[in-house]
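Take a look at the letters that make up each chain.
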Amino acid sequence: MTDRNPIPAGAVLVAVDIAKLRNEVLIEIPTQKRRRSLSVLNNRAEHDRFIETLKAYGAPVICAFEATGNYHRPIAWRLIEAG
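Conventions we followed
- Residues numbered from 1 in each chain as written.
- Predicted model: local features only at pLDDT ≥ 70, side-chain atom pairs only at ≥ 80, totals over all residues.
- Heavy atoms only, no water.
- Helix = DSSP H or I, 4+ residues; strand = E, 2+ residues; numbered from the N terminus.
- Rg over C-alpha atoms; globule rule 2.2 N^0.38 Å.
- Buried < 20%, exposed > 50% of the residue type's maximum accessible area, 1.4 Å probe, protein only.
- Contact = heavy atoms within 4.5 Å.
- Areas by Shrake-Rupley, 256 points an atom, 1.4 Å probe, with all protein chains shown as cover.
- Lys, Arg positive; Asp, Glu negative; His and termini not counted.
- Charge placed at Lys NZ, Arg CZ, Asp CG, Glu CD.
- 1 Å grid on protein atoms, 1.4 Å probe; cavity = no way out; pocket = protein on both sides within 12 Å on 5 of 7 lines; lining within 4 Å.
- Points joined across faces, edges and corners; volume = space filled by probe spheres on them.
- Nonpolar A, V, L, I, M, F, W, Y, C, P; charged D, E, K, R; others polar.
- Salt bridge = Lys/Arg side-chain N within 4 Å of Asp/Glu carboxyl O.

> Could you give me a rundown of the overall build of the protein, with the residues and numbers involved?
A count of helical and extended segments in the protein gives two helices and four strands. From first element to last, N terminus to C terminus, the protein shows the α and β order β-β-β-α-β-α. Computed over the C-alpha atoms, the radius of gyration of the protein is 13 Å, within 12% of the 12 Å expected from 2.2 N^0.38 for a compact globule of 83 residues. Over its C-alpha atoms, taken along the principal directions, the protein stretches across nearly 35 × 30 × 20 Å. In the protein, which comprises 83 residues, the proportion classed as buried is 27%. For the protein, contacts bridging at least 24 residues in sequence account for 45% of all contacts bridging at least 6. With an accessible surface of roughly 6000 Å², the protein has 54% of that area assigned to carbon and sulfur atoms. Taken as two groups, the 12 positive and 9 negative side-chain charges of the protein have centres that lie 3 Å from each other.

Put into structure tokens, the structure is as follows:
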């Protein structure tokens with residue numbers, strides 16, 4: 001049977017708008033009313049900074065984006081590697 005609530009309680013929700021040179025990110029933290037937005041350039045150093053930002057919340061992270069050509073592949077790979 002499928003899980004009717006696949007998002008864990010207290011999870012940080014992340015939406016990524018994929019583009020060629022940079023990704024626009026919107027982060028919703030359950031304990032805050034305002035969402036955080038940031039830009040992440042498509043390079044390893046920026047991806048590492050983004051991953052460290054997400055790890056700092058100390059909560060499960062649910063990340064979503066659409067597959068856009070091949071532009072999503074580098075950041076998707078880094079997020080998967082980071083767990």
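From this point, things continue past the structure.
> Can you lay out the layout of surface pockets for me, pointing to particular residues and giving the numbers?
Each pocket or cavity is described by its volume, and for the largest pocket that value is around 220 Å³. Taken together, Ile-51, Leu-54, Lys-55, Gly-58, Ala-59, Pro-60, Val-61, Ile-62, Cys-63, Leu-79, Ala-82 and Gly-83 form the lining of the largest pocket. The set of elements that each furnish at least two residues to the lining of the largest pocket consists of α1 (44-56), β4 (61-64) and α2 (73-82). Residue composition of the lining of the largest pocket, grouped by class: nine nonpolar, two polar and one charged.

> Give a detailed account of the environment of Phe-50, specifying residues and quantitative values.
Along the chain, the position of Phe-50 falls in helix α1. On a C-alpha basis, the gap between Phe-50 and Leu-38 in space is 9.1 Å, while along the polypeptide they are 12 residues apart.

> Hey, could you go over the pattern of salt bridges for me, with residue numbers and the actual values?
Opposite charge on two side chains makes pairing possible when the charged atoms of those side chains draw close. Overall, the coordinates contain five salt bridges when judged by the stated rule. Across the salt bridge formed by Arg-35 and Glu-28, the nearest N and O atoms sit 2.9 Å from each other. One network of salt bridges, with partners in common, ties together Asp-48, Arg-78 and Glu-81.

It is worth stressing that arrangement in space is one thing and function is another; only the former is reported here.
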